[in-house]
Amino acid sequence: MNDREFGAGGQFMDRGRMNQNGVVQPLLTDLYQITMAYAYWKSDKTDDTAVFDLFFRNNPFHGEFTIFAGLEECLKFLDSFHYSQSDIEYLKQTLPEGIENEFFEYLGNLTARDVTLFAIDEGTVAFPRVPIIKIEGPLIIVQLLETTLLTLVNYASLMATNAARYRMVAGKHVKLLEFGLRRAQGPDGGLSASKYSYTGGFDGTSNVLAGKLFNIPVKGTHAHAYITSFSSVGELKTRLIKHKQTGIMEDLLERAIHHRQMLSHVLDVSTEESSEGELAAMVSYAIAFPDGFMALVDTYDVKRSGLLNFSAVALALNDLGYHALGIRIDSGDLAYLSCLARETFEKVAERFKVPWFNKLTIVASNDINEDTILSLNEQGHKIDCFGIGTHLVTCQRQPALGCVYKLVEINGQPRIKLSQDVEKVTMPGNKNAYRLYSADGHALIDLLQKVSEPPPAVGQKVLCRHPFQESKRAYVIPSHVESLYKVYWKSGKICQQLPTLEQVREKVQISLKTLRNDHKRTLNPTPYKVAVSDNLYNFIHDLWLQNAPIGELS
Ligand SMILES: Nc1ncnc2c1ncn2[C@@H]1O[C@H](COP(=O)(O)OP(=O)(O)OP(=O)(O)O)[C@@H](O)[C@H]1O
Ligand SMILES: O=P(O)(O)OC[C@H]1O[C@H](OP(=O)(O)OP(=O)(O)O)[C@H](O)[C@@H]1O
Ligand SMILES: O=C(O)c1cccnc1
Ligand SMILES: [Mg+2]
C-alpha cells in the first residue's frame, strides 16, 4: 500500500505507519496520558509493569450482545507505535515548562515491543465486563495506549453491532447497502462506518474510498438530481444505443415512447400525467448503463409516473437485448409502494412476455432504522434491498459504546477501582475468560477466573458466581469450553494470522449463531450470564473490603 492511500484527506503520514489510517498515531490521544507518563517517569516508575483490561459495562441498543471489532487496527497501532521527531518537537512546545529533556529522549525511544496483548477474536460476540482486550507491559507505555485503543474499538464495535442488528431484523435474503457517508461523523467516521457495517453483515457500501481501501463491494443507484436535471425529451443529446447482439445503433427513446403508450393502458395511468423529464432522464441513464439500469422512481409520483417510465425504458432495453436491474424508492409508504411496484412488474412480465421482470430488484431508502424494517416486515413488503445511511452510521439509538480501560494489576499486585455504583467496580487482577457451551452448541455463560486457576473442564461441574450478588450462583457442566483469549501481540510482533475482513464478517454470523434467540430478540432480550469463579469472587470481595474505607458516625 502506498502512502497516498491512507494519507488521503491530507492526513500526515510518517515512515513506518504505512499500513494504517494516517490519523492513527501516538499523538491521537488525550493530553493526560502524556502528562501522566511524565509524572510516572519522574516517580521512577519506568520499570513498573501493569495489566489493563479493556471492556464495556453495557451492551448497546438495549440489546444483550455486542460484536467486538477494531482489533486489527489496534495491532497495527502497536506495530507502528513510535513518536516521530516532529511529535517530540510538538510535545516540547506544548507540555508545561520545566519538563526534563531526558523524558523526551525516553519518549523518542518508546515502542510497544515489551507489551503483550491478549484479545478475543475480532467478530466474536462479547458481553459486559468480560475484557475484550487484556494488555500487559511497562506501565507507562500501556497507559499511553489507552485512548487510542478505545477510539479504535468503541466505534468499530458499536458499528459492527448496529449492522449485525439490522441484518438480524432484515433476514439473510435481503440485501443491505450502507449509504451513510454524507451523514457520518466526519470523513474518518464515514470510512469506519463503511468498513464495520460490512463486518456486521451489510453487503456493500456506496463509499468508493472504503471500497478501494478495504476491498468492500461498492454499489449505488442515482440521485433525484439526475432525474430533475432533465425537463423534456428534447434535451436528450443522444437517443441511440447499440443493440446488444447485432451491434446496430437503435433509437431507445422512440421505443420507450412506444412502450409507454402501450403500458399506460395495461397499468391504467395516463401518459399525460407522467413526467416527460423523468422519461428523458431514464432514457439517458439507460444509454449510459444499459446492462446496469436501475432507476429512482419517486421523484414525481411512483404510480403515475416513475413506474410507467421505468417499465417503458426497461421494455425498450429488452428489445435491444438488455435486462434492467430495478428501481429505488426513496419516499412515501415503502410497504405500499414496494407492493405496488412488484404488482406492476408482474403485470408487465405477463402482458409483455418478459418473465425476468418478475425478478426486478426493488431498493428502498429514506431514513430507515431497525424499527422501520420490523414494521415493514409486519406490514408485508416486496423490498429486496435496503439502502441505509443516517441511522446506521450515526447509531441513532446509542451513539457511543462505553468501552473503558482499567488498571487491574501493577507489579503483580491487584488493583480495584471502587464506586458507589456496584456495576462500576472493576474486576481486579490478571484474569482469563472462558465461554462455556451446552450440548446443543449454545453459549451458556462467560466465566472469568484468576490466571492461576486451572481452566474449566468439559463434563465437570464449575461453580459460576455473579460477581457482585452473593446469592446468585449456578453450577454449570460445560459440553465445550472455549478459552476466549489469544496472544495477538508479543515481543514486538503480531503473533496470530490475522483474518481478512471477509473472514471477520463470516465470524460475526458464526458467533451470533451460538447465541440463543432469546438473547438476540429486539424486545426485552434475556441477559446473557457473565460470572466469576468462586476463587475470583472471594478475591474481589476481600480486596473490596481491604480498600473500602470504614465510615465513622458521630
Ligand atoms: N410503510 C411504512 N411503515 C413504517 N414506516 C415507513 C413506511 N414507509 C416509510 N416509512 C418511514 O417513514 C418515514 C417517512 O418520512 P417522511 O415523513 O419524511 O416522508 P417522505 O416520504 O420522506 O416525504 P417526502 O415525500 O416529503 O420526502 C421514513 O423514515 C420512512 O423510512
Ligand atoms: O435516508 P438515509 O438512511 O440517510 O439514506 C441515504 C439518503 O441519502 C440520499 O438522499 P438525501 O437524504 O441526501 O436526500 P433526500 O432524502 O432529500 O433525498 C438517499 O436518497 C437517501 O435518502
Ligand atoms: O447510490 C445510492 O442510491 C445512494 C448513495 C448514497 C446515498 N443515497 C443513495
Ligand atoms: Mg433523506
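Every value quoted in this text rests on a predicted model; they were computed, and no experiment measured them.

Caption draft 1: Examining the overall build of the protein chain more closely. Per the secondary structure count, the protein chain includes 19 helices and 23 strands. With respect to the three principal axes, the spread of C-alpha positions in the protein chain is 90 × 55 × 50 Å. Expressed as a percentage of the 554 residues in the protein chain, the buried residues total 42%. Sequence-distant contacts in the protein chain: of pairs separated by 6 or more residues, those separated by 24 or more amount to 71%.

Caption draft 2: Examining the environment of serine 284 more closely. Looking at the element boundaries, serine 284 is found in helix 12 (residues 276–288). Each C-alpha atom, one on serine 284 and one on threonine 238, is 7.7 Å from the other, the two residues being 46 residues apart in sequence. Residues in contact with serine 284, not counting those within four places in the same chain, are Phe230 and Leu236.

Caption draft 3: Fine view of the domain arrangement of the protein chain. Annotation of the protein chain at the domain level lists domain 1 (31–166 + 399–547) and domain 2 (221–383). Relative to domain 2, the C-alpha centre of domain 1 lies at a distance of 51 Å.

Caption draft 4: Layout of the packing of helix 13 (residues 302–319) against helix 14 (residues 334–351). Axis separation between helix 13 and helix 14 bottoms out at 11 Å; the angle between their running directions is 40°. Judged on the interaxial angle alone, helix 14 and helix 13 are oblique. Between helix 13 and helix 14 lies a crossing whose hand is right-handed. The residues of helix 14 that touch helix 13, namely those facing Val302, Lys303, Leu307 and Ser311, are Leu337, Leu340, Ala341, Thr344 and Val348. Taken together, the residues of the contact of helix 13 with helix 14 break down into six nonpolar, two polar and one charged.

Caption draft 5: Representation of the environment of alanine 295. With respect to the helices and strands, alanine 295 occurs in strand 10 (residues 294–296). In sequence terms alanine 295 and phenylalanine 310 are 15 residues apart; their C-alpha atoms lie 6.9 Å from each other. Residue contacts for alanine 295: discarding those within four places in its chain leaves Met282, Tyr285, Phe310 and Ile327.

Caption draft 6: Representation of the UniProt feature "domain: Nicotinate phosphoribosyltransferase C-terminal" (unreviewed entry) in the protein chain in the model. The sites that carry the UniProt feature "domain: Nicotinate phosphoribosyltransferase C-terminal" (unreviewed entry) are, in the present numbering, residues 430–539. Overall, residues 430–539 shows 21% helix and 35% strand. The separation of its end C-alpha atoms is 12 Å.

Caption draft 7: Region of interest: the sheet that holds strand 13 (residues 385–388). Here we have six strands laid out as an open sheet, ordered 7-6-13-12-11-10, and parallel in their pairing. Edge positions in the sheet fall to strand 7 (204–205) and strand 10, since each of these pairs with one other strand and no more. In this sheet, strand 13 lies alongside strand 12 (residues 361–364) in parallel orientation, the contact comprising two bridges. Its bridge partner being in strand 13, valine 363 is matched across the sheet by cysteine 385.

Caption draft 8: Here's a closer look at the packing of helix 7 (residues 146–170) against helix 8 (residues 186–200). Contact geometry for helix 7 and helix 8: axes closest at 7 Å, N-to-C directions at 50°. In terms of orientation, helix 7 and helix 8 fall into the oblique class. The chirality of how helix 7 crosses helix 8 is right-handed. Residues Tyr155, Ala156, Met159, Ala160, Thr161, Asn162, Ala163, Ala164 and Arg167 of helix 7 form the contact with helix 8, whose own contacting residues are Ser192, Ala193, Tyr196, Ser197, Thr199 and Gly200. A class-by-class count of the residues in the contact of helix 7 with helix 8 yields eight nonpolar, six polar and one charged.

Caption draft 9: Representation of the site of ligand 2 within the structure. The environment of ligand 2 is formed by 13 residues, the closest being Phe179, Asp330, Ser365, Gly389 and Thr390. Tallied by class, residues from the shell around ligand 2 come to three nonpolar, six polar and four charged.

Caption draft 10: Representation of the site of ligand 1 in the model. Close contacts around ligand 1 come from Ser331, Gly332, Asp333, Leu334, Ala335, Asn366, Asp367, Ile368, Thr372, Ser375, Leu376 and Gln379, and that covers them all. Secondary structure elements with two or more residues in the shell around ligand 1: helix 14 and helix 15 (370–379). Here the shell around ligand 1 takes four residues from helix 15, the largest share from any one element. By residue class, the composition of the shell around ligand 1 is four nonpolar, six polar and two charged.

Caption draft 11: Focus on the confidence of the model for the protein chain. Looking at the protein chain as a whole, the pLDDT averages 95, with 97% of positions reaching at least 70. The complex model carries a pTM of 0.95, and its ipTM stands at 0.97.

Rules used throughout
- Note on numbering: residues in each chain are counted from 1, in written sequence order.
- As a convention, the first chain written is A and the first ligand written is 1, with the rest following in written order.
- Only residues with pLDDT of 70 or above have their local features reported here, since the model is predicted, and side-chain atom pairs are shown and tallied only from 80 upward, although totals for entire chains, interfaces and linings are computed over all residues.
- Counting from the N terminus, the helices are DSSP H or I runs at least four residues long and the strands are E runs at least two residues long.
- Residues with at least 20 neighbouring C-beta atoms inside 10 Å of their own are called buried, those with 12 or fewer are called exposed, and the rest are partly exposed, where every C-beta is derived from the backbone.
- Any two residues are considered in contact once their C-beta atoms, placed from the backbone, lie within 7 Å.
- Domain limits in this description derive from either an automatic procedure or a database domain assignment.
- Axis lines are fitted to C-alpha atoms, over the contacting stretch for helices. Their N-to-C directions set the angle, which ranges from 0 to 180 degrees.
- An angle counts as roughly parallel when it lies under 35 degrees, as roughly antiparallel when it exceeds 145, as roughly perpendicular when it falls between 65 and 115, and as oblique in every other case.
- Throughout, a crossing is termed right-handed when the near helix is turned clockwise from the far one, and left-handed when it is turned anticlockwise from it by less than a right angle.
- Gly is placed with the polar residues, together with every amino acid not listed as nonpolar (Ala, Val, Leu, Ile, Met, Phe, Trp, Tyr, Cys and Pro) or charged (Asp, Glu, Lys and Arg).
- UniProt positions are given in the numbering used here, feature names are shortened, and annotations may be inferred rather than shown by experiment.
- Paired strands, as defined in this entry, are two strands with at least two bridges between them according to DSSP.
- The C-beta atom of each residue is placed using the backbone, and any residue whose C-beta lies within 6 Å of a molecule or strand is treated as near it.
- As a per-residue quantity, pLDDT reports the predictor's confidence and falls between 0 and 100.

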